[in-house]
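Topology and contacts: notes
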Amino acid sequence: MKKLFRLISIIISSLALVLVLSACGSKPLSAQNVVTRAKQTNTITWGVKADTKLFGLMDVKTGQIKGFEVDLAKAITKQILGPKGKAEFVQVTSSTRMPLLENGNIDAIMATMTITPEREKQVDFSRSYFDAGQSLLVKQGSPIKNVKDLNKNGATVLGVVGSNSVQNVAKFAPKAKVLQLSDYAQAMTALKSGQGEALTTDNGILAGMSVENPGYVLVGGNFTKEPYGIAINKHQTEFRKDLNSALTKVEQSGQYNRLLKKWFGNVKGMHYKEMLR
Amino acid sequence: MKDFIDAYSWINMRYLFQGLGITVIVSIASIAGSYVIGALLGIIRYVNIRFISPIVGLVIDIIRNLPLLLIIFFTYFGLPNLGFRPSSIWATIIAMIVFESTMIAEIVRSGIQAVDPGQMEGARANGLTYAQAMQHIILPQAMKKMIPALVSQFISLIKDTSLATIIVLPDLMHNAQIVYGQNSTYILPMFLMLAIMYFVVCYALSLVSRSLERRLN
Amino acid sequence: MIAIFQNYGGLLLQGFGQTLLCSIIALFFSLIIGSMFAIFETTPVKFLRVIARIYIEVFRNIPLLVITMFFFVVIPMFVAKISGFAAGTIGLTIYTSAFIAETVRAGIQSVDPGQMEGARANGLSFWQAMRYIVLPQAFRYVIPPLGNQFINLVKNSSVLAFVAGFDLMYQGNVIASDSLSTMSTYVCIGLLYLVITLPLSYWMRYLEKKLA
């Protein structure tokens, strides 16, 4: 009898726990106006990468994140909040950025995030601030020349959890096995230790990796178009408008081109002049 | 050899020590929090209060049978739904306290159970109240029995903070990954240093516990 | 919640299978290795005792993640390529074996030393006495703690997510970022872990009571 009671109580409580947790999961966001709050605190909190050279990389010396996206985020913050506006940065990875945005830990994501229709169901995007394309990074002298060479049994492609490049592999090389690592540093380390033949993601990120790892090169050109957008929560129309007009101002003032040249000017495999705005 | 000298440059080592600092701070906060809450939960479970103890017991059983990684996700991604947005450091500390206090509750419960029940009867017969007997007679003895289990749990806690790299806690593991992610010749030296640093911290704790045990006996 | 099970049932099942598989493989080998070091620790040979002590202390005091990443990242650079699943399982085996060694050693030492002496007096060698007299008694004593080690093993196997080991946690991360419903995905994953660990834990508690 006691056992039966215990069993029943276990089942009921587990169900209750599940209900509570799933109720939490579906609770609507506190739709606070980001612009109003940002003006009050004089700060915009950005989710940026810390493991991606050229875009956002942790500088071991200073403990600061540095890169094109970080600089652009600072410029946009100053356009919205004025010259004294502060940009705060929170490190994100491809798998943590969406929950962090929804939860309100960050106001906006500027973390090599491609504008895709599926994502647009969950978040809103600014207009594209960088036009990337998916490519491959391989060891110099590798027999892999383009994405078609990977479409065979036994080929292993490395990618990052939560990036849309791994989904594209299924489209372009359906026979290849895909290993999804937790961030780019891990994926690069896995490529070096031979866990896969190629690492796939957007060309800008790969170019940064090949700068740091001279034995590795980009091959096959871009096989997709990946326009990067600033992701923000739904229903933040004012914030989105502000971001777009700030981006326009940054572009018109020539600051955008200066940043592009600063970060991509000397990178092999990136034609920054084609990307000037 | 040159790889090792370069890898252990002052800049890299300073970055690793910063990570070690975070690991230690998070560990100390979690140990303190989970010890207090765990002991409380363990006692609640032992004294068998009607309705409360079975429910507490069930919650404990569910939490302690989940992977810590999942608890970390729940705190980091789930708590904001309740209106609290923790940083990765707070999320780790909270997750650690939630998870470890259930483990400690079990240790405390079985520690109390291991004390001869005759002790309680004797104390009550001598006019002590239940709470007095618990506080002055049972708990001190139980504590002595629990020390080895508690300490190995705390050591697990320190080691498990490394899992929080998944929510970008800037701890020792994470900082080492950042360093070797930027230069592949640093991979082996970094792993060696990681092993040494974690070993020193954990082993020091186990030495302290051993001397504590000796002094109590 | 239900939608997750419907849409990603195959992935969840695959992850569940891999988690179970790697846990069982790791349990099997860590039992063998752990018992071996436990016996080493109780032999009269000092050299073996020192070896066992070092092995146990080293691997009990280093995070599982460090050991696993070592096999995933470092070993392929210098020795041979191993998959994430293999790296994870090897890491789990080594890590758990250090804990099992401690458990089994305590079990061996709980057997009355007179048993060993008696067996030796009757002409059995140390190994024979160990194998036929001491170990069978020690194992009965250590079954509940070993069960708890197995539960820990299942939970710790989530470390495979870091090395693309295709286990439950890895699939959870993949599903969470694909479905974009993070919390409900992880609740599903949690339920699947509980399916393995909760019955085991109640069974162990029952055994503990029965054997005590």
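Per an unreviewed UniProt entry, the recorded name for chain C is ABC transporter permease subunit, and the organism is Secundilactobacillus folii. The Sequence similarities (unreviewed entry) field of the UniProt record for chain C holds the comment "Belongs to the binding-protein-dependent transport system permease family."

An unreviewed UniProt entry lists chain B under the name ABC transporter permease subunit, from Secundilactobacillus folii. As stated in UniProt under Subcellular location (unreviewed entry), the record for chain B gives "Cell membrane". Taken from UniProt, the Sequence similarities (unreviewed entry) comment for chain B reads in full: "Belongs to the binding-protein-dependent transport system permease family."

1. What to know about the overall build of chain C
Scanning chain C from terminus to terminus reveals 8 helices and 0 strands. The order of α-helices and β-strands along chain C, N terminus first, is α-α-α-α-α-α-α-α. Expressed as lengths along the three principal axes of its C-alpha atoms, the size of chain C is roughly 70 × 50 × 25 Å. Taken across its 212 residues, chain C has 58% of its residues classed as buried. Sequence-distant contacts in chain C: of pairs separated by 6 or more residues, those separated by 24 or more amount to 74%. With an accessible surface of roughly 8,800 Å², chain C has 68% of that area assigned to carbon and sulfur atoms. Of the side chains in chain C, 13 bear a positive and 8 a negative charge, and the two mean positions are spaced by 4 Å.

2. Describing the UniProt feature "domain: ABC transmembrane type-1" (unreviewed entry) in chain C
Summarizing the sequence annotation, UniProt attributes the feature "domain: ABC transmembrane type-1" (unreviewed entry) to residues 16–204 of chain C in the numbering used throughout. Its end C-alpha atoms 22 Å apart, residues 16–204 of chain C is made of 84% helix and 0% strand.

3. What about the UniProt feature "transmembrane region" (unreviewed entry) in chain B?
Within this structure's numbering, the places UniProt gives as "transmembrane region" (unreviewed entry) are residues 20–43, 55–77, 89–108, 147–167 and 187–208 of chain B. Split by type, residues 89–108 of chain B is 100% helix and 0% strand. Its first and last C-alpha atoms lie 27 Å apart.

4. Side note on the UniProt feature "transmembrane region" (unreviewed entry) in chain C
Residues and elements named next belong to chain C. If you check UniProt for "transmembrane region" (unreviewed entry), the listed places come out as residues 16–40, 61–79, 85–104, 159–177 and 183–203 in our numbering. Helix makes up 100% of residues 85–104 and strand 0%, and the two end C-alpha atoms of the span are 27 Å apart. Taken end to end, residues 159–177 is 53% helix and 0% strand, and its first and last C-alpha atoms sit 18 Å apart.

5. A word on the pattern of salt bridges
If you walk through the whole model with that rule in mind, you get 23 salt bridges over all chains. In this structure, R64 of chain B engages D61 of chain B in a salt bridge whose closest nitrogen and oxygen atoms are separated by 3.8 Å. Of the two residues, R64 of chain B and D61 of chain B both sit in helix α3 (residues 52–64), 3 residues apart, roughly one turn of that helix. Each member of the pair, R64 of chain B as well as D61 of chain B, carries the same accessibility label: buried. Look at the salt bridges and you will find they share partners, linking R210 of chain B together with E41, R53, E57, R60, E102 and R105 of chain C into a network.

What counts as what
Residues numbered from 1 in each chain as written. Chains lettered and ligands numbered in written order. Predicted model: local features only at pLDDT ≥ 70, side-chain atom pairs only at ≥ 80, totals over all residues. Heavy atoms only, no water. UniProt positions renumbered as here; feature names shortened; annotations may be inferred. Helix = DSSP H or I, 4+ residues; strand = E, 2+ residues; numbered from the N terminus. Buried < 20%, exposed > 50% of the residue type's maximum accessible area, 1.4 Å probe, protein only. Contact = heavy atoms within 4.5 Å. Areas by Shrake-Rupley, 256 points an atom, 1.4 Å probe, with all protein chains shown as cover. Lys, Arg positive; Asp, Glu negative; His and termini not counted. Charge placed at Lys NZ, Arg CZ, Asp CG, Glu CD. Salt bridge = Lys/Arg side-chain N within 4 Å of Asp/Glu carboxyl O.

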